[in-house]
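Results of the structural survey
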Amino acid sequence: MESIYGWFLLCPWTAVAGSLVVLLAIGYLGSPLIVWTVAGAAILVGFGAPVWLLGFYVAIMLIFNVRPLRTSLVSKQVMTIMDKLGFLPKISDTERAAIDAGTVWIEKDLFSGKPDFKKLMNEPYPQLTAEEQAFMNGPVDELCKMLDHWEIWKTRKLSDQSFDYIKKQKFLGMIIPKEYGGLGFSALAHSEVIMKLSSRSLSTAITVMVPNSLGPAELLVHYGTEEQKKYYLPRLASGEEIPCFGLTEPTAGSDAGSIISNGVVFKGADGKIYIRLNWNKRWITLAAISTVIGLAFRLRDPENILGLGEDIGITCALVPSKTPGVVIGRRHDPLGTPFYNCPTQGKDVVVPLDAVVGGIEGCGKGWLMLTECLAAGRGISLPAQATGGAKLAARVVSAHGVIRRQFGLSIGKFEGVEEPMARLGAATYMLEAMRRYTLGALDQGLKPSVITAIQKYYSTEMGRKGINDAMDIMGGSGISMGPRNLIAEVYIATPIGITVEGANIMTRTLIVFGQGALRAHPFAYAEVKAMDAKDLKGFDEAFWGHIGHVIRNLCRSIGLSVSRGYLACSPSCHPQMKRYFRRLQWASATYAILADIAMAALGGELKLREKITGRFADILGYMYMATSVLRKFEADGRRDEDLAFVHYNLKLCLAEIQKGFDGIFDNLKVPGLRWFFKGWLGAWSRINSMGSQASDGWSHAISAAMLQDGSVRDRLTQGIFLPTKEGEQLHRLETAFSISLKSDMAEKKVKRAIRDGILPKKKVHLLLDEARSKNIISDEEVKLIQQSDAVRYDAILVDDFSEEQYHS
């Protein structure tokens, strides 16, 4: 003891530094309180603390280590103070239902500050069953062959033949179990169908998508009575019944909980119980041609007939469209995209009580039903549509980049074109990575509401940026409407996906972090629930667990920041991926501690600070995207040919994460410490950046891979419809793309001869005879170059119309 004390006295600064390192290490490892207690005692002894101080320290630590003492002497006072100050946010019933909806998945790992990447890299990666693959190769391909995207656009309707085929092949019953006459497909198969259809006809994809998303079928599968299931599900699966679902109203959009459509319980003259409904809904897909309306409304029971009170709450019911008082038949025009999007009204529409989904047990549970269904559905339909659109754009643009020539070169060779092409290619890779990773969770039966919100928001936003890049590259070919233009419809309709199933602005600021902070945080929601329930024991456990969580992440964030992530471990992986796993550990630890600081500094006000919550959402979102990319790289067998796409995306994610942290340091107002956060921590964060954008070399590698006819391009765009019929524009592009690449070698011989002075300086096609006569190229190569010129010219033509055709 004397020797330790002497060393502390001889080297006081070293002793202080050493003590801090020990405490930092204990915190970094997340050690239990008893370890802190022993370490603190050892340090006090080492510095020669008097006996009274040691005794005081032991007494204090005894209180914190013995839970009954801590609960009664400390936690009770903390709980009282926090309650009086309104420190934790008040949560409404609708917010609570949204938070409770679904399940928690890997967002909890990312929010923890210490994600287990070994586990995350072993999450299931789904594959189609033989039956599902047969459906893709059969009915889905057959439907795609029947579709003419321009004819649908021009006539503003899906042909009767196509719609009859959709019903006959049970496209509207993909999510309905086989025992009720449906296809019983997995989430992956559902997504694959929507993705392929989106690459052929967006209007058709939406028509198929909506009945398989939030609506009567899904509600009945999960919450319907057996009688309701047996009656409706077989009819919905066969297309005998056409469903729609009425949720949105003029005064209730993203805030769906504020709907004013209402139903009143009453007893009829026959003594039976009925509901009188009144509603005014808008933006309801398929409403004008529906035979059954799924309706969300507020249910009231003034006479308490049901014994559930007067204000029962949001309820869902199934209303036959022919019921007296139902008004359908009118349509909205969503940016000219020809699918049925409609208003519907109901005036004193009377339905029996058993029209409520789930019967009397379903009364007042509509909001829970809706939020749980959306918790899964957001991860399927719109991400599949965005991915299909991006894959189509990547296929079209890469072919155009080879075929279209200016100044004697394929435009894809110009760096100004390379840049947006690489962005589109990288985004397509990341969209597919997110899609498959999320579907793996959904096919396990999970409903990760935060992750599916991330999936919906970032997929549709990436789709928007990708189609903008595609339009820039296509130039005049992109803006000239007609059967040869394959991407204009996607471009025009993109804002629809941005808007529906929770407008993106709201999804980012309120759901991803606003609800995610409580849902994914290991202790925050438990604290809120314990406070509301006045559960002192539960509060003690959650609060002190939270304190330990904060200390661990503070220590981890400091350690990982100073070491630039090298203190973190990485799972078994490709050698070039180790640094990304370490950086994500660093990002997670920093995110976790900053989220706790924001919650502590702003309390219940945090959910109103949407610029701050939006930045937190971006960081969480990009951590998820990076994890998805790493998982895809692993699942695909760590192919070296994919490294450019992987590096580009991971660097992008880290750069965006850094951007989010910079914004938080600049704008998070911590009372009394803003100068420290904005000045010192903000400066250190910028100097010690987690990452920067990918170099030009990676974008060049991506673009070059897309301009080659090989496995990289094929795998990047796998799952879209590739027509083989002559006269189809995508077939025309693919043919010209292939022939152009083959003719390039022959053309290079001619150009080399020009440089060497063997041939005069003229355009290649003017020198073919002379080049052949001098044996520079063969007869076959002459024909190949001539064929290439012809097919390229045909492929770059755009549509034009007579005055009569234009107005028809």
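Residues numbered from 1 in each chain as written. Predicted model: local features only at pLDDT ≥ 70, side-chain atom pairs only at ≥ 80, totals over all residues. Heavy atoms only, no water.

1. Let's talk about the overall build of the chain
- For the chain, the count of helices and strands is 34 helices and 9 strands.
- Relative to the globule expectation of 28 Å for 808 residues, the C-alpha radius of gyration of the chain, 31 Å, shows essentially globular dimensions.
- Along the longest, intermediate and shortest principal axes, the C-alpha atoms of the chain span 105 × 90 × 45 Å.
- Taking all 808 residues of the chain together, the buried fraction comes to 56%.
- A separation threshold of at least 6 residues defines the contact pool for the chain, and within that pool the share at least 24 residues apart is 76%.
- Here the chain has roughly 34800 Å² of accessible surface; of this, 58% comes from carbon and sulfur atoms.
- Of note, the chain has its 92 positive side-chain charges centred 4 Å away from the centre of its 83 negative side-chain charges. (Helix = DSSP H or I, 4+ residues; strand = E, 2+ residues; numbered from the N terminus. Rg over C-alpha atoms; globule rule 2.2 N^0.38 Å. Buried < 20%, exposed > 50% of the residue type's maximum accessible area, 1.4 Å probe, protein only. Contact = heavy atoms within 4.5 Å. Areas by Shrake-Rupley, 256 points an atom, 1.4 Å probe, with all protein chains shown as cover. Lys, Arg positive; Asp, Glu negative; His and termini not counted. Charge placed at Lys NZ, Arg CZ, Asp CG, Glu CD.)

2. Here's the deal with the nonpolar core
- With 117 residues, the main nonpolar core has M577 and I657 as its most contacted residues.
- With 58 residues, the next largest nonpolar core counts M195, M209, I275 and I496 among its residues. (Core = buried A, V, L, I, M, F, W, Y, C linked by side-chain atoms within 4.5 Å.)

3. Regarding a nonpolar patch on the surface
- There is a patch of nonpolar side chains on the surface, built from L554, I558, V562, W684 and I687 and spanning about 520 Å² of accessible area.
- For the nonpolar patch, the elements supplying multiple residues, two or more each, are α24 (536-562) and α28 (674-687).
- With 3 residues, the top contributor of residues to the nonpolar patch is α24.
- Position of I687 relative to the elements: it lies in helix α28. (Patch = residues over 30% accessible without salt bridge, like charges linked within 9 Å, V, L, I, M, F, W, Y side chains within 5 Å. Salt bridge = Lys/Arg side-chain N within 4 Å of Asp/Glu carboxyl O.)

4. Things to note about the environment of V292
- Note that V292 resides in strand β4 (residues 292-300).
- Between the C-alpha atoms of V292 and T323, which are 31 residues apart in sequence, the distance is 9.5 Å.
- Leaving out residues up to four positions away in the same chain, V292 has contacts with Y232, L236, E241, I242, P243, C244, L318, V319, P320 and S321.

5. What about helix α9 (residues 130-146)?
- In a regular helix each residue adds 1.5 Å, so 17 residues correspond to 24 Å; α9 covers 24 Å between its end C-alpha atoms and thus fits that length.
- In α9, a bend of some 30° at M136 exceeds every other bend along the element, and P139, a proline, comes one to four places later.
- For α9, the complete set of buried residues consists of E132, F135, M136, P139, V140, D141, L143 and C144.
- In this structure, the buried side of α9 is in contact with α11 (160-168), α12 (187-198) and α13 (202-209). (Expected span 1.5 Å × (residues − 1). Bend = angle between axes of the 7 residues up to and from the residue.)

6. Quick notes on the side chain of K632
- Here K632 shows up in helix α26 (residues 610-635).
- When its relative accessible area of 11% is taken as the criterion, K632 is described as buried.

7. Re the confidence of the model for the chain
- When pLDDT is averaged along the chain, the result is 90; 94% of the residues meet or exceed 70.
- Looking at the elements of the chain, mean pLDDT is at its lowest for helix α1 (residues 2-10), recorded as 46, and at its highest for α9, recorded as 98.
- Every residue in residues 1-10 scores below 50 in pLDDT, and together they form 13 contacts with partners more than four places removed in sequence or on other chains. (pLDDT = per-residue confidence, 0-100.)

8. Some details on the packing of aromatic side chains
- For the structure shown, the criterion picks out 20 aromatic pairs.
- Summarising the aromatic geometry, the rings of F117 and F581 are spaced 5.3 Å apart at their centres and angled 65° between planes, so their arrangement reads as edge-to-face. With F117 in helix α8 (residues 117-120) and F581 in helix α25 (residues 578-602), this pair connects stretches of sequence that are 464 residues apart. Judged on exposure class, the residue F117 and its partner F581 are both buried.
- Note on F676 and F677: the rings are 6.2 Å apart at their centroids and 90° apart in plane angle, and the pair reads as edge-to-face.
- Here a set of aromatic residues connected by ring pairs shows up, and it is made of F665, W675, F676 and F677. (Phe/Tyr/Trp six-rings, centres within 6.5 Å; stacked < 30°, edge-to-face > 60°.)

9. Here we look at the pattern of salt bridges
- The tally for this structure, following the rule as stated, stands at 39 salt bridges.
- Between R156 and D333 there is a salt bridge, and its shortest N-O distance comes to 3.2 Å. Here R156, found in the loop between α10 (149-155) and α11, pairs with D333, found in the loop between β6 (326-327) and β7 (341-352); they are 177 residues apart in sequence, far enough to count as distant.
- Residue classification places D333 among the partly exposed residues on the basis of a relative accessible area of 48%.
- A salt bridge links R686 to D666; the shortest N-O distance between them is 2.7 Å.

10. Considering the packing of helix α14 (residues 216-223) against helix α15 (residues 226-238)
- At a closest axis distance of 10 Å, the pairing of α14 and α15 adopts a crossing angle of 145°. The two elements α14 and α15 cross, and the hand of that crossing is left-handed. Residues P216, A217, L220 and V221 of α14 touch α15, and the partners they reach there are Q228, K229, Y232, L233 and L236.
- In terms of residue class, the contact of α14 with α15 is built from 7 nonpolar, 1 polar and 1 charged. (Axes fitted to C-alpha atoms, helices over the stretch in contact; angles between N-to-C directions. Left-handed = near helix turned anticlockwise from the far one by under 90°. Nonpolar A, V, L, I, M, F, W, Y, C, P; charged D, E, K, R; others polar.)

11. Details of unusual backbone geometry
- The phi angle at F407 is positive, at roughly 55°, despite the residue not being glycine.
- Relative to the assigned elements, F407 resides in the loop between β8 (405-406) and β9 (409-410).
- Accessibility expressed as a relative area gives 79% for F407, which makes it exposed.
- With a phi angle near 55°, K534 is a residue other than glycine that sits in the positive phi range.
- Structurally, K534 is set in the loop between α23 (524-533) and α24.

12. Notes on the pairing of strand β1 (residues 243-246)
- Residues P243 and F245 point to one face of β1 and C244 and G246 to the other, with burial holding for every one of them.
- For β1 and β4, the ladder comprises 4 bridges, and the chain directions are parallel. Bridge pairing in β4 links C244 to I293. (Pairing = 2+ DSSP bridges.)

13. Considerations on the environment of K751
- Tracing the backbone shows K751 in helix α31 (residues 729-755).
- For K751 and N667, which are 84 residues apart along the polypeptide, the C-alpha to C-alpha distance reads 58 Å.
- Sequence-distant contacts of K751, defined by excluding residues within four places in its chain, comprise G408 and V764.

14. Quick word on a positive patch on the surface
- Taken together, the side chains of K413, K748, R752 and R755 define a basic patch exposed on the protein surface.
- Its place among the elements puts R755 in helix α31.
- For R755, a relative accessible area of 63% gives the class exposed.

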